[in-house]
Amino acid sequence: MKMILLMYLEGDEECVGRLLKDLGVGVYSQMSLEGHSSGQAAGWYGETAPFRSRMVFAFVSKEQADDVLAAVRSCTGVEDPRHPIRAFELDVARAAACGCDEDGTPD
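Being a predicted model, the structure only gives us computed values, none of them experimental.

J.: Explain the environment of leucine 19 to me, please; I cannot follow it from the model alone.
T.: Here leucine 19 shows up in helix H1 (residues 13-22). Through-space distance from the C-alpha of leucine 19 to that of alanine 71 is 7.3 Å; in sequence the pair is 52 residues apart. With residues up to four places along the chain from it excluded, the contact list for leucine 19 reads Val68, Ala71, Val72 and Cys75.

Written as structure tokens, this is what we have:
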């Protein structure tokens, strides 16, 4: 099992949703983030304005993870090319759920 994590600007949400749907990733979690980076100061207080970002994560098979990373690599036309859609694949060594046996099936 793999965990995929995608980070992107809020304006690219439709693209990411379409990508996940096309690849059959129907179960995922999504949250809003405030991204920060160094750069030229902007705004009244001389600070760099934060970015309105999103993050999606899902647990998928190795094959689906490969497909998601390949699809992200081929994405074009993002809201801001300086902030591309980024995808990460993480290994899941073990998992547990309440009310389930060790293999993950309900008691």
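Structure shown, so let's carry the discussion forward.
J.: What exactly am I supposed to notice about the nonpolar core here?
T.: The tendency in soluble globular proteins is for nonpolar side chains to be buried side by side. Judged by nonpolar contacts, the single largest core of 17 residues is most densely connected at Ile4, Leu6, Val68 and Ile85. Where this core is concerned, the elements lending two or more residues are strand S1 (2-9), H1, strand S3 (51-60) and helix H2 (62-73). With five residues, H2 is the largest single contributor of residues to this core. When sequence neighbours within four positions are dropped, the list of residues in contact with isoleucine 85 reads Leu6, Met7, Tyr8, Asp12, Cys15, Val16, Val72, Cys75 and Val78.

J.: Even after reading the chapter, I still don't get the layout of surface pockets, so can you show me in this structure?
T.: Empty space among the atoms can be located by rolling a probe the size of a water molecule over them. In this structure, the largest pocket spans a volume of roughly 250 Å³. Residue lining of the largest pocket: 14 residues in total, with Met7, Leu9, Ser53, His83 and Arg86 positioned closest to the centre. Elements that contribute at least two residues to the lining of the largest pocket include exactly S1, strand S2 (29-35) and S3. Its residues placed into classes, the lining of the largest pocket shows six nonpolar, five polar and three charged.

J.: What am I meant to see in the packing of aromatic side chains here?
T.: By convention here, two paired aromatic rings are described through the distance between centres and the angle between planes. Overall, the coordinates contain one aromatic pair when judged by the stated rule. Ring centres 6.3 Å apart and planes at 85° place the aromatic pair phenylalanine 57 and phenylalanine 59 in the edge-to-face group.

J.: Where do I start with H2 in this structure?
T.: Note: α-helices contain 3.6 residues per turn, so residues at a spacing of three or four share the same orientation. Compared with an ideal rise of 1.5 Å per residue, which puts 12 residues at 16 Å, H2 spans 17 Å between its outermost C-alpha atoms and is within 8% of the ideal. Taken residue by residue, H2 has Ala65, Val68, Leu69, Ala71 and Val72 as its buried positions. Here the buried residues of H2 occupy an arc of 160° about the axis, which is enough to place them on one side. For H2, exposure combined with an orientation more than 90 degrees from the buried face picks out Glu63 and Arg73. In this fold, the buried residues of H2 make contact with S1, H1, S3 and strand S4 (86-91).

J.: Would you mind showing me how to read the pattern of salt bridges here?
T.: Close approach of charged atoms lets side chains of opposite charge pair. Tallied over the full model, the rule gives eight salt bridges. The closest approach of N and O atoms between aspartate 91 and lysine 2, which form a salt bridge, is 2.1 Å. Of this pair, aspartate 91 sits in strand S4 while lysine 2 sits in strand S1, placing them 89 residues apart in sequence. Here aspartate 91 falls in the exposed class, since its relative accessible area comes to 64%. Aspartate 66 is paired through a salt bridge with lysine 62; the nearest N and O atoms lie 2.8 Å apart. Of this pair, aspartate 66 and lysine 62 both sit in helix H2, four residues apart, which is roughly one turn of the helix. Taking relative accessible area as the criterion, aspartate 66 reaches 36% and is therefore assigned partly exposed.

Reading the values: the criteria
- Position numbers for residues count from 1 along each chain, tracking the sequence in the order it is written.
- Only residues with pLDDT of at least 70 are given local features in this predicted model, and only at 80 or more are side-chain atom pairs given and counted; all residues enter the totals for whole chains, interfaces and linings.
- No hydrogens and no water enter the side-chain calculation; it runs on all heavy atoms of the structure.
- Note on conventions: DSSP H or I runs of at least 4 residues are helices, E runs of at least 2 residues are strands, and numbering of each starts at the N terminus.
- Contact between two residues is taken to exist if any of their heavy atoms lie within 4.5 Å; hydrogens are not considered.
- Put simply, a nonpolar core is a bunch of buried Ala, Val, Leu, Ile, Met, Phe, Trp, Tyr and Cys residues held in one set by side-chain atoms that sit within 4.5 Å of each other.
- A 1.4 Å probe rolled over the protein chains alone gives each residue an accessible area, and that area as a share of the maximum for its type sets the label: buried under 20%, exposed over 50%, partly exposed in between.
- Detection works on a 1 Å grid of protein atoms alone, calling trapped sets that fit a 1.4 Å probe cavities and calling open sets with protein on both sides within 12 Å along at least five of seven lines pockets, with lining residues defined by an atom within 4 Å of a point.
- Grid points are joined across faces, edges and corners, and a volume is the space filled by probe spheres set on the points.
- Amino acid classes used here: Ala, Val, Leu, Ile, Met, Phe, Trp, Tyr, Cys and Pro are nonpolar; Asp, Glu, Lys and Arg are charged; the rest, including Gly, are polar.
- Aromatic rings from Phe, Tyr and Trp, taking only the six-membered ring of Trp, are treated as a pair when their centres fall within 6.5 Å; an angle between ring planes under 30 degrees marks them as stacked, one over 60 as edge-to-face, and anything in between as tilted.
- A helix is expected to span 1.5 Å multiplied by its residue count minus one.
- In this description, one arc is meant: the one made by directions from the helix axis to the C-beta atoms.
- Put simply, a salt bridge is a Lys or Arg side-chain nitrogen that is within 4 Å of an Asp or Glu carboxyl oxygen.

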